[in-house]
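Here is what each chain is made of, one letter per residue.
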Amino acid sequence: MRSNLCLSDLGAGENPPVAAVRVTGGLWGERLRVNREITLPVEYEQCKKTGRLEAWKLTWKPGDPNPPHIYWDSDVAKWLEAAGYSLALYPDPELEKRCDEVIGWMAAAQQPDGYLNTHYIAVAPDKRWSNLRDCHELYCAGHLMEAAVAYFEGTGKRLFLDIVCRYADYIGKVFGRGENQLRGYPGHQEIELALVKLARVTGETRYLDLAKYFIDERGQKPYYYDIEKARENRPDSWLDHPGPNNLPPYNHMQAHAPVREQQDADGHAVRACYLYAAMASVAKATGDQSLVDACHTLWDSVTTKRMYITGGVGSSRFGERFTFDYDLPNEEAYAETCAAIALVFFANRMMCLEADAKYADVMERALYNGIISGVSHDGTHFFYDNILASHPLYHTFSRQKSPRRQEWYPTSCCPPNIARLLASLGSYVYTIGDQTVWTHLYIDSQAELDLGNGKKARITQATEYPWKGDIALTIGLDAPADFTLALRIPGWCRQVTVTVNGKAVVLADVMSNGYALLSRNWQDGDQVALHLDMPVERVYAHPAVRQNGGKVALQRGPIVYCLEEADNGPNLADLRLPPAAELTVVTGPAELDGAPIIIIGPALRRDLTPWAGKLYATDRPAYTACQMTAIPYFLWANRAPGEMTVWITE
């Protein structure tokens, strides 16, 4: 293997390996324990029960029920990726045996030319690469690549990595601008960011070149999807009907224009953010300033005009997509779990590309709110979409999914996606580059980080964050070392103090793009203390977010809160939060053991008496005093079914 892959010196370095950071306690320690001990086994059994694992044995024959679906491979791959991350920190012979068995089936299923896809091998062998727009071949290939990298890094075993390298080499022969190559690109992006990971772990620049090809070719005219459709004589679908400017609505998969010309986050939100993450990855690896500029444009579109307060993205379930600026409905929200995960990937890659705390702020917002809301507290049930308001009866008459988490879904992308993100969470805490340790997340953890030149730093974080704003960092070194410890000061924090060995740091002297840069000759045992004030804050939406006019949301630290019927009774729309009401934090109830902190305060409830027997009335509404209780949004729907809302009338 070659090892001369060069990464640009831009930004805040790179993430450490998953094995370098062990989460040891607190909120995330418990979430990761549940993910490891409960969610991973549950998902294995679901993959087994639904035929996703059996598909790799290639035993399906025409006429048999339950043919391997076009995206089943990706579900198994994400589970394997999560297992690889878990094994990197927590060796588990039984889990490793299960993984090796599945990987063995994959090795046996791989075709002589390197091709590997259960649907097209078993069900449609004559249709390989015939419908890139709709059929997820390259998407599944990308997830296999990411899983193989994770499994290799977690176990040191090469078989899976060798399998996907053969597959990637075959794909590189099929696609490109050369003679007899297809100038296609995936309808569902994913392979682009996977190829960058594969290039990093193997040192082979041809995988980076292939990722760059897929990004650069996207949206070029004539549209490849038109060429493909004509070649296959495929019947029309909704994607073939003219949209704006009398062109096909290929903005659904971000293929309406070359990526450097796209101005708005558009179309299917998961595909979009996977693409944007890949663009940032390729920009980082190549130093392509035009891609950097495009990433800035799309980042601003997502985060300043099209993102929910929870870090969710994708406001319409019709197309699972972004719509238009400031269109952020609550009860009809989509905010797919996978989309929030994809946004974390985008934020992380932008963070590595450019040292600015705004990227970590968004990453943190999504992690604490729009992502862990996607799995139940016991780790066995999952949300596909993450609405911001719920009325149980509404779901009876709408196309919206149940307001209760489900054990599994026919399209089960979200459950294994959240498992792989949680299993790899430690690698998002820090990045390392240019003699700097960038600290992006505050999590009770122990890390051993490579500073370069043979030097390592051991950093222990002791904290009850996000419930308390005190973080103690202890530096462990074998010998004194000069480096910079960069501490993110969260955008939500108004008052902060930092000390090094008990001596206060003058933040005005060390702040840069949201980070406190502590540069010194560090000694073994040095202590850094960070205190972040965490008052309850009222958050208001931009006036153009028409659905939230006159409403307020509650946030404390990185946690967004919501009201649930279980605490506040039905008809949450009747509650009013007075502007001057004093809000207090108290210990949460035992039934919400994931919430040490909840918020209570005086509120008003509308008197319904004037509406007795009436649909409308001319009486001015009257209100009676009551108490309001708000819980962390990520914990809603873990008790009896009922209403929920994030935005409260003020």
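Cut-offs and rules
- Residues numbered from 1 in each chain as written.
- Predicted model: local features only at pLDDT ≥ 70, side-chain atom pairs only at ≥ 80, totals over all residues.
- Heavy atoms only, no water.
- Helix = DSSP H or I, 4+ residues; strand = E, 2+ residues; numbered from the N terminus.
- Rg over C-alpha atoms; globule rule 2.2 N^0.38 Å.
- Buried < 20%, exposed > 50% of the residue type's maximum accessible area, 1.4 Å probe, protein only.
- Contact = heavy atoms within 4.5 Å.
- Lys, Arg positive; Asp, Glu negative; His and termini not counted.
- Charge placed at Lys NZ, Arg CZ, Asp CG, Glu CD.
- Polar contact = N/O pair within 3.5 Å; in protein donor to acceptor, adjacent residues only side chain to side chain.
- Salt bridge = Lys/Arg side-chain N within 4 Å of Asp/Glu carboxyl O.
- Axes fitted to C-alpha atoms, helices over the stretch in contact; angles between N-to-C directions.
- Parallel < 35°, antiparallel > 145°, perpendicular 65-115°, else oblique.
- Left-handed = near helix turned anticlockwise from the far one by under 90°.
- Nonpolar A, V, L, I, M, F, W, Y, C, P; charged D, E, K, R; others polar.
- Pairing = 2+ DSSP bridges.
- Phe/Tyr/Trp six-rings, centres within 6.5 Å; stacked < 30°, edge-to-face > 60°.
- Expected span 1.5 Å × (residues − 1).
- Bend = angle between axes of the 7 residues up to and from the residue.
- pLDDT = per-residue confidence, 0-100.

Draft legend 1. Looking closely at the overall build of the chain. When you go through the chain residue by residue, the secondary structure sums to 16 helices and 24 strands. Its C-alpha atoms give the chain a radius of gyration of 25 Å, near enough to 26 Å, the size a compact globule of 650 residues would have. In terms of overall dimensions, the chain has C-alpha extents of about 75 × 70 × 50 Å along its principal axes. Evaluated residue by residue, the chain yields a buried proportion of 59% over its 650 residues. Across the chain, contacts joining residues at least 24 apart in sequence account for 72% of those joining residues at least 6 apart. In the chain, 64 positive and 79 negative side-chain charges are present, and the distance between their average locations comes to 2 Å.

Draft legend 2. Broad picture of the environment of Thr609. In this structure, Thr609 sits in the loop between β21 (597-606) and β22 (623-632). Through-space distance from the C-alpha of Thr609 to that of Ala150 is 61 Å; in sequence the pair is 459 residues apart. One polar contact links Thr609 to Asp607, side chain to side chain, over a distance of 2.7 Å.

Draft legend 3. Local environment of the pattern of salt bridges. Enumeration over the complete set of coordinates arrives at 41 salt bridges. Among the ionic pairs, Asp216 bridges to Arg260, the shortest N-O distance being 2.9 Å. Here the residue Asp216 occupies a position in helix α8 (residues 205-217), and Arg260 occupies one in the loop between α9 (224-232) and β2 (267-268), the gap between them amounting to 44 residues. Taking the relative accessible area as the measure of exposure, Asp216 reaches 14% and is therefore buried.

Draft legend 4. The arrangement of the packing of helix α1 (residues 26-49) against helix α3 (residues 93-109) in detail. Where α1 meets α3, the axes come as close as 12 Å, and the angle between the chain directions of the two elements is 30°. On the basis of the axis angle, α1 is roughly parallel to α3. The handedness of the crossing between α1 and α3 comes out as left-handed. Note on element contacts: α3 touches α1 through Leu95, Arg98 and Glu101, opposite Leu40, Pro41, Tyr44 and Glu45. Here the contact of α1 with α3 is composed, by residue class, of four nonpolar, no polar and three charged.

Draft legend 5. Focus on the sheet that holds strand β11 (residues 496-500). The strand order across the open sheet formed by seven strands is β1-β7-β8-β9-β15-β11-β12, and the pairing between neighbours is antiparallel. The two strands at the open ends of the sheet, each matched to only one other strand, are β1 (21-23) and β12 (503-504). Both β1 and strand β7 (residues 445-452) contribute to a ladder of three bridges, which runs antiparallel. Note on β7: the bridge partner recorded for Val23 is Ser445.

Draft legend 6. A look at the packing of helix α6 (residues 159-174) against α8. Closest axis-to-axis distance for the α6/α8 pair is 11 Å, and the angle between their directions is 50°. On the basis of the axis angle, α6 is oblique to α8. In this structure, α6 crosses over α8, and the sense of that crossing is left-handed. Only Arg206, Tyr207, Leu210 and Phe214 of α8 make contact with α6, whose side of the interface consists of Cys165, Ala168, Asp169, Ile171 and Gly172.

Draft legend 7. Highlighting the environment of Trp438. With respect to the secondary-structure elements, Trp438 resides in strand β6 (residues 436-439). A residue is classified by how much of its surface remains accessible, and Trp438, at 11% relative accessible area, is buried. The spacing of Trp438 and Leu517 is 79 residues in sequence and 8.8 Å in space, taken between C-alpha atoms. Setting aside residues up to four positions removed in sequence, Trp438 forms contacts with Ala12, Ala355, Val429, Tyr430, Thr431, Gly433, Ala486, Tyr515 and Leu517.

Draft legend 8. Representation of unusual backbone geometry. Between Lys221 and Pro222 the backbone carries a cis peptide bond, its omega angle lying at 0°. Inspection of the secondary structure puts Pro222 in the loop between α8 and α9. Omega for the bond connecting Tyr465 with Pro466 falls within 30 degrees of zero, at 15°, which places this linkage in the cis form. Looking at where Pro466 falls in the secondary structure, it is placed in the loop between β8 (455-463) and β9 (470-476). Backbone geometry places Asn180, a non-glycine residue, at a positive phi of 70°. With respect to the helices and strands, Asn180 occurs in the loop between α6 and α7 (191-202). The phi dihedral of Asn501 is positive, around 50°, even though this residue is not glycine. Considering the arrangement of structural elements, one finds Asn501 in the loop between β11 and β12.

Draft legend 9. Structural context of the packing of aromatic side chains. On inspection of all chains with the given rule, the structure shows 25 aromatic pairs. Their ring planes at 80° and their centres at 5.4 Å tell us that Tyr225 and Tyr250 sit as a pair that is edge-to-face. Residue Tyr225 is found in helix α9, and its partner Tyr250 is found in the loop between α9 and β2; the two are separated by 25 residues along the sequence. Accessibility classification places Tyr225 together with Tyr250 in one group, the buried group. Measuring from ring centre to ring centre gives 5.2 Å for Trp299 and Phe346, while their planes differ by 70°; the resulting arrangement is edge-to-face. Of this pair, Trp299 sits in helix α11 (residues 289-305) while Phe346 sits in helix α12 (residues 337-353), and the two are 47 residues apart along the sequence.

Draft legend 10. A look at α1. Its 24 residues place the ends of α1 34 Å apart at the C-alpha level, agreeing with the 34 Å of an ideal helix rising 1.5 Å per residue. The largest bend along α1 measures about 40° and falls at Asn35. Among the residues trailing α1, Gly51 stands out with phi positive, at a value near 90°.

Draft legend 11. Local environment of the side chain of Asn568. Mapped onto the elements, Asn568 comes out in helix α16 (residues 565-568). Asn568 gets classed as buried once you look at its relative accessible area, which sits at 8%. Setting aside residues no more than four positions away along its own chain, Asn568 makes contact with Leu563, Leu575, Arg605, Gln627, Met628 and Thr629.

Draft legend 12. Representation of the confidence of the model for the chain in the model. Averaged over every residue, the pLDDT of the chain is 94; the share at 70 or more is 96%. A low-confidence stretch, residues 1-9 stays under pLDDT 50, and its non-local contacts, those more than four residues away or across chains, total 26 contacts.

Draft legend 13. Here's a closer look at the environment of Ala462. Within the secondary structure layout, Ala462 lies in strand β8. In this structure, the C-alpha to C-alpha distance between Ala462 and Leu473, residues 11 residues apart in sequence, is 6.5 Å. Ignoring any residue separated from it by four or fewer positions in sequence, one finds Ala462 in contact with Asp444, Asp470, Ile471 and Ala472.

Draft legend 14. Highlighting the sheet that holds strand β10 (residues 481-488). Spatially, β5-β6-β10-β14-β13 is the arrangement adopted by the five strands of the open sheet, whose pairing is mixed. Strands with a single pairing partner mark the edges of an open sheet, and in this sheet they are β5 (430-433) and β13 (511-512). As paired strands, β13 and strand β14 (residues 515-522) are joined by two bridges and run antiparallel to one another. When the bridges of β14 are listed, Met511 appears paired with Ala516. Its contacts with the sheet place helix α13 (residues 357-371) against β10 and β14, and it is angled at close to 55° to β10.

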